Amino acid sequence: MTSEITPSLPEPGALAAIAMDAARQIPPLWPLEASVAVNPFLGQSTETLAHTGARLRRTGGIRVTMPRQWYADKIAAGAMLDADLAAALEACLHPEKPVDVAALKARLAAPRPTAEAAKTVADLAAAAAGTDYPGLIADRFGAWAAGYHDKGQALWAAQRGTSAWAAWRSYAVNDLTPEISGVTGFASFVNDAPDRALAAMARAVARLGLSAAALPTYFHQLLVSLGGWGQFARYELWQAELAGATSSTITDILAIRLLWEEALFVQHEAAIGTSWSNACALHAQPLAPGADDVVDEVLQEAAERAAQRELNETLTQPGATVAADRISAQAAFCIDVRSEVFRRALETIDPSIQTLGFAGFFGVGAKHRGFGSDTEERRLPVLLNPTVSSTAGGEDPQTEILARYKARAKRAWGRFKLAAVSSFAFVEATGPVYAGKLLRDGLGLAHAASPDAQVPRFAPELELETRVSSAETVLRAMSLTAGFARLVLLVGHGATVTNNPHASSLQCGACGGYSGEVNARLLAQLLTDPQVRAQLVPRGISIPEDTVFVAALHDTTTDRVTLFDGDVSCVAHRIDLKRVRQALAQAGKLARGERALRLPHAADGAAIASRARNWAEIRPEWALAGCKAFIAAPRDRTRGCNLEGRAFLHDYDWHADSANGFTVLELIMTAPVVVASWISLQYYGSTVAPETFGAGNKLLHNVVGGIGVLEGNGGLLRGGLPRQSVHDGARQVHEPLRLSVCIAAPRDAITDILTRHDSVRALFDNRWLHLFALDDAGRLALRYAGELRWEVMDAPGAQVGLTEVA
């Protein structure tokens, strides 16, 4: 295979930089064992929705908003008003926007042009030769990547001692499938490729006649074409950079994809030369949103303003009040939207119980090793590095050794069942033995796995100063520095499900895709420590002697709460615990009844629990579907408001925080708000662009490499949420809205934090998030208008006024 090579324009350093910039346009994909929600538009956070629409249309034919009929239906139903459309038009800064609401509605009625991506060489060669080259590339690349990235699922895993580029070349020179499929001399072409990925990229760029201007979106397109494999490589880069290192895997796979393009171009240049020149010219054009991109952005903005209007109406309703006497108990839940339903139910059952909201890892960024396990679990937000290490058990080494042996024997038995030869004998010899288990599991009679019975502990133990500083930081961040009840629950959350590859996505996102009981138990121990309590007093935090902290776990699938009261001494609080247990049980029943109204085939609350044990259940719960708001304010601003399980609720008292320079507010805006945005935008992306940012149909999933799923028995790795997580089979359950962040704090304090955190400000300036300041009554008082400007909201429930606040 030969062809004349034209001079390459970019220098090697510039080429490497362009490749890395393209890599950063790709969202990371966490492996299934600890999957977390990821913003699929992470690489486009400095662009507006319209500009992102233009980019993703070129690079993948990807839509970034709902079909126009969705907005038309909302207008027809009265959910979106002309005032919403007018306000969205006024806020739009693109000159291509319609001149008025009438013009906008006219564009809404017109068909939206199909989003078509620029053509790759593989696309053009496929059309010329009648061979599905894109499908061939996806199949052969996926076959190699599944082995290379394997996390223990494969019985014959590939070696990982070399770079991805070197490993793939070793594989590809022995893979005859491409040549059988019509790519003549492909193995030899791979063998003759440069040893270094960057050199191979430079050669391909030169041979394909690509200009420097065409490379950014072309490279981005090639990585998009690799689906979840590109996203998983981006995850490896993310993890490496978090540890202060780097990873070349994602640029290596870009070189692999480029080599495929080069090989096909050499073979089909005569047939596709002109079409390819046109594609190169398209990539070289500057990215700019078209009129349809702007219309879509305005319609999406209007839908969000309609939802904000409804939210404001909910927040202005009179809330419930709590007696001034000492409250009977406090329960700190994760800010997760699923907690809102349970918190509201608990406060209804027993108004003397005060609930609070805080990030579910409870400020304990632990690298944890479970009992009898060699695996280190990063139980903290993926944005952060662990600050402490912990382990479970350890007081009896012999018991832990036996647990390790048992776990290893179980793994060995599992591999024996699946091995190429022994699997056949295994089925013949022991198949009947599994009849009971098959029947038990099929009928949902198996007991769900319980949390680790072993008490977690810090390993190594923390110095006293560290323990005291950590306790102070967490209590101030929780806005819990006074008014302690006799019983304070620290309630993490998790989800019990069966036969679900995406089980970790239902766990606590703030705990890195694990359940939250470990973090809650560690904090409870910290706050129970007499030395810590004594040292907190000079720092202005006096915890009464009769206050006890008890960790708990809220199962969001069954709405049952487990108390870990055995971790600490609670002899004097038996009556308190009995009363709280009763309230939690009744609240769980109330919450299950509310959730049953939304879940398909859930006749009543009693039917909820069985979903956790049903291995055929594709919708055990709705998780965070429907999320639309993040509220950081004292609970009395939202108590009694039915937020329908659609709001993240973080307790925050700016009056107490002001004395410390608004450090808690800064923490909230740079961590929980960002994590919530990732969750919100993952649901958004999986709804508006399910082919690219969704995992497809659960019924067709096959786990590959222990890291992700295929839809069917081959093809590309699928990231994002399954269809059943956002759709009930008849309609969309998740309403794709960018999150509205509502903070009860002075405007100047919020603005100051935005000026010091460019990445957070970009999310609000480009409206990936909406930002509001709440007044003392809990109403939306000020809207952030971008570029550090604010607008005064009109009367409660109305749209933004024209008054601008500098």
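Refer to the structure presented above.
I will try to describe carefully the structure that is included in this document.

The rules behind each value
Residues numbered from 1 in each chain as written. Predicted model: local features only at pLDDT ≥ 70, side-chain atom pairs only at ≥ 80, totals over all residues. Heavy atoms only, no water. Helix = DSSP H or I, 4+ residues; strand = E, 2+ residues; numbered from the N terminus. Buried < 20%, exposed > 50% of the residue type's maximum accessible area, 1.4 Å probe, protein only. Contact = heavy atoms within 4.5 Å. Areas by Shrake-Rupley, 256 points an atom, 1.4 Å probe, with all protein chains shown as cover. Pairing = 2+ DSSP bridges. Axes fitted to C-alpha atoms, helices over the stretch in contact; angles between N-to-C directions. Left-handed = near helix turned anticlockwise from the far one by under 90°. Nonpolar A, V, L, I, M, F, W, Y, C, P; charged D, E, K, R; others polar. Expected span 1.5 Å × (residues − 1). 1 Å grid on protein atoms, 1.4 Å probe; cavity = no way out; pocket = protein on both sides within 12 Å on 5 of 7 lines; lining within 4 Å. Points joined across faces, edges and corners; volume = space filled by probe spheres on them. Salt bridge = Lys/Arg side-chain N within 4 Å of Asp/Glu carboxyl O. Phe/Tyr/Trp six-rings, centres within 6.5 Å; stacked < 30°, edge-to-face > 60°. Right-handed = clockwise from strand over helix to strand, strands pointing away. Polar contact = N/O pair within 3.5 Å; in protein donor to acceptor, adjacent residues only side chain to side chain.

Here's the deal with the overall build of the protein
Logical step 1: Along the protein, the regular secondary structure elements total 30 helices and 20 strands.
Logical step 2: Taking all 806 residues of the protein together, the buried fraction comes to 56%.
Logical step 3: Contacts in the protein between residues at least 24 apart in sequence constitute 73% of all its contacts with a sequence separation of at least 6.
Logical step 4: Surface accessibility of the protein: about 32,700 Å² in total, with carbon and sulfur atoms responsible for 55%.

Considering the sheet that holds strand S1 (residues 329-334)
Logical step 1: Within the open sheet, the 5 strands sit side by side as S2-S1-S7-S8-S9. Their pairing is mixed. For this open sheet the edge positions go to strand S2 (353-358) and strand S9 (560-563), each flanked by a neighbour on one side alone. Between one strand axis and the next, the sheet turns by 25° as a mean value, whatever way the strands run.
Logical step 2: Pairing of S1 with S2, which is carried by 6 bridges, proceeds in the parallel orientation. Residue pairing across strands places Cys-334 opposite Phe-358, the latter belonging to S2.

Looking at the pairing of strand S18 (residues 780-786)
Logical step 1: For S18, the buried fraction is high: 6 of the 7 residues fall into the buried class.
Logical step 2: Pairing between strand S17 (residues 770-774) and S18: 3 bridges, direction antiparallel. When the bridges of S18 are listed, Phe-772 appears paired with Arg-783.
Logical step 3: A loop of 5 residues connects S17 with S18, the two strands running antiparallel in sequence, and Gly-778 in this loop sits at a positive phi of about 90°.
Logical step 4: Across 4 bridges, S18 lies against strand S19 (residues 789-793) in antiparallel orientation. What sits directly across from Arg-783, in S19, is Glu-791.
Logical step 5: Between the end of S18 and the start of S19, which pair antiparallel, lie 2 residues, with Glu-787 showing a positive phi angle near 55°.

As for the sheet that holds strand S4 (residues 376-379)
Logical step 1: Strand order in the open sheet formed by 4 strands is S4-S3-S5-S6, with mixed pairing between adjacent strands. The open sheet has two free edges, formed respectively by S4 and strand S6 (456-458), since each of these has just one partner strand. Along the sheet, successive strands turn relative to each other by an average axial angle of 30°, direction set aside.
Logical step 2: When strand S3 (residues 366-369) meets strand S5 (residues 388-392), the two strands line up parallel, connected through 4 bridges. Within S5, the residue paired with Lys-367 across the bridge is Ser-389.

Describing the packing of helix H12 (residues 215-224) against helix H14 (residues 249-284)
Logical step 1: Contact geometry for H12 and H14: axes closest at 10 Å, N-to-C directions at 115°. Classified by chirality, the crossing of H14 by H12 is right-handed. Of the residues in H14, those touching H12 at Thr-217, Tyr-218, Phe-219, Gln-221, Leu-222 and Leu-223 are Ile-250, Ile-253, Leu-254, Arg-257, Leu-258, Glu-261, Trp-276 and His-283.
Logical step 2: Across the contact of H12 with H14, the residue classes tally to 9 nonpolar, 3 polar and 2 charged.

Points about helix H1 (residues 12-23)
Spacing of three or four residues puts side chains on the same side of an α-helix, whose turn is 3.6 residues.
Logical step 1: Look at H1: 16 Å from first C-alpha to last across 12 residues, which is about the 16 Å you get at 1.5 Å a residue.
Logical step 2: If you check which residues of H1 are buried, you get Leu-15, Ile-18, Ala-19, Met-20, Ala-22 and Ala-23.

A closer look at empty space enclosed by the protein
Logical step 1: Evaluation of the coordinates by the stated rule reveals 8 cavities of 30 Å³ or more.
Logical step 2: Lining the largest cavity we find 45 residues, and of these Val-36, Ser-505, Gln-682, Gly-720 and Leu-721 sit closest to its centre.
Logical step 3: Every element with two or more residues in the lining of the largest cavity is listed here: helix H27 (672-688), strand S14 (708-711) and strand S15 (721-722).
Logical step 4: The leading source of residues in the lining of the largest cavity is H27, at 4 residues.
Logical step 5: Around the second largest cavity sit Val-36, Ala-37, Pro-381, Val-382, Leu-383, Gly-509, Val-674, Val-675, Trp-678 and Ile-679, which together line it.
Logical step 6: Of the residues assigned to the lining of the second largest cavity, the class counts are 9 nonpolar, 1 polar and no charged.

As for the layout of surface pockets
Logical step 1: For the second largest pocket, the calculated volume is near 720 Å³.
Logical step 2: Looking at the second largest pocket, it is lined by 42 residues, and the ones nearest its centre are Gly-60, Val-224, Ser-225, Glu-691 and Thr-692.
Logical step 3: Elements with a minimum of two residues in the lining of the second largest pocket: helix H2 (49-60), helix H7 (133-148), H12, helix H13 (228-242), H27 and helix H28 (690-693).

Section: the pattern of salt bridges
Side chains that carry opposite charge are capable of pairing whenever their charged atoms lie near each other.
Logical step 1: The tally for this structure, following the rule as stated, stands at 51 salt bridges.
Logical step 2: For the salt bridge of Arg-24 with Glu-241, the shortest nitrogen-to-oxygen distance reads 2.7 Å. Here the residue Arg-24 occupies a position in the loop between H1 and H2, and Glu-241 occupies one in helix H13, the gap between them amounting to 217 residues.
Logical step 3: Overall, Arg-24 belongs to the partly exposed group, its relative accessible area being 33%.
Logical step 4: Owing to a relative accessible area of 33%, Glu-241 belongs among the partly exposed residues under this scheme.

A word on the packing of aromatic side chains
Logical step 1: Tallied over the full model, the rule gives 23 aromatic pairs.
Logical step 2: Arranged with centres 6.3 Å apart and planes meeting at 75°, the rings of Phe-484 and Phe-549 form a pair that is edge-to-face. Highlighted residues: Phe-484 in the loop between helix H20 (464-477) and strand S7 (487-494) and Phe-549 in strand S8 (residues 548-555), separated in sequence by 65 residues. Take Phe-484 and Phe-549: they sit in the same class, and that class is buried.
Logical step 3: When the ring of Trp-654 is compared with that of Phe-662, the centres are 6.5 Å apart and the planes differ by 20°; the resulting orientation is stacked.
Logical step 4: Phe-662 gets classed as buried once you look at its relative accessible area, which sits at 18%.
Logical step 5: A network of ring pairs unites the aromatic residues Trp-30, Phe-232, Tyr-235, Trp-238 and Trp-678 as a single cluster.

Quick notes on unusual backbone geometry
Logical step 1: Cis geometry marks the peptide bond from Ala-459 to Pro-460, where omega comes out at 5°.
Logical step 2: With respect to the helices and strands, Pro-460 occurs in the loop between S6 and H20.
Logical step 3: Even without a glycine there, the phi angle at Ala-623 is positive, about 50°.
Logical step 4: Tracing the backbone shows Ala-623 in the loop between helix H24 (608-611) and strand S10 (629-632).

With respect to the pairing of S1
Logical step 1: For S1, the buried fraction is high: 6 of the 6 residues fall into the buried class.
Logical step 2: Where S1 lies against S7, 5 bridges are found, and the strand directions are parallel. Bridging from a neighbouring strand, Gln-330 pairs with Val-488 of S7.
Logical step 3: Taken together, S1, helix H16 (residues 337-349) and S2 form a β-α-β motif whose crossover is right-handed.

Considering the side chain of Gln-724
Logical step 1: Position of Gln-724 relative to the elements: it lies in the loop between S15 and strand S16 (740-743).
Logical step 2: Polar contacts involving the side chain of Gln-724 include one to the side chain of Asn-697, which spans 2.7 Å.
Logical step 3: With sequence-adjacent residues up to four places away left out, Gln-724 is seen in contact with Ile-618, Arg-619, Trp-622, Gly-696, Asn-697, Lys-698 and Leu-699.

Any link to function would need more than the numbers given here.
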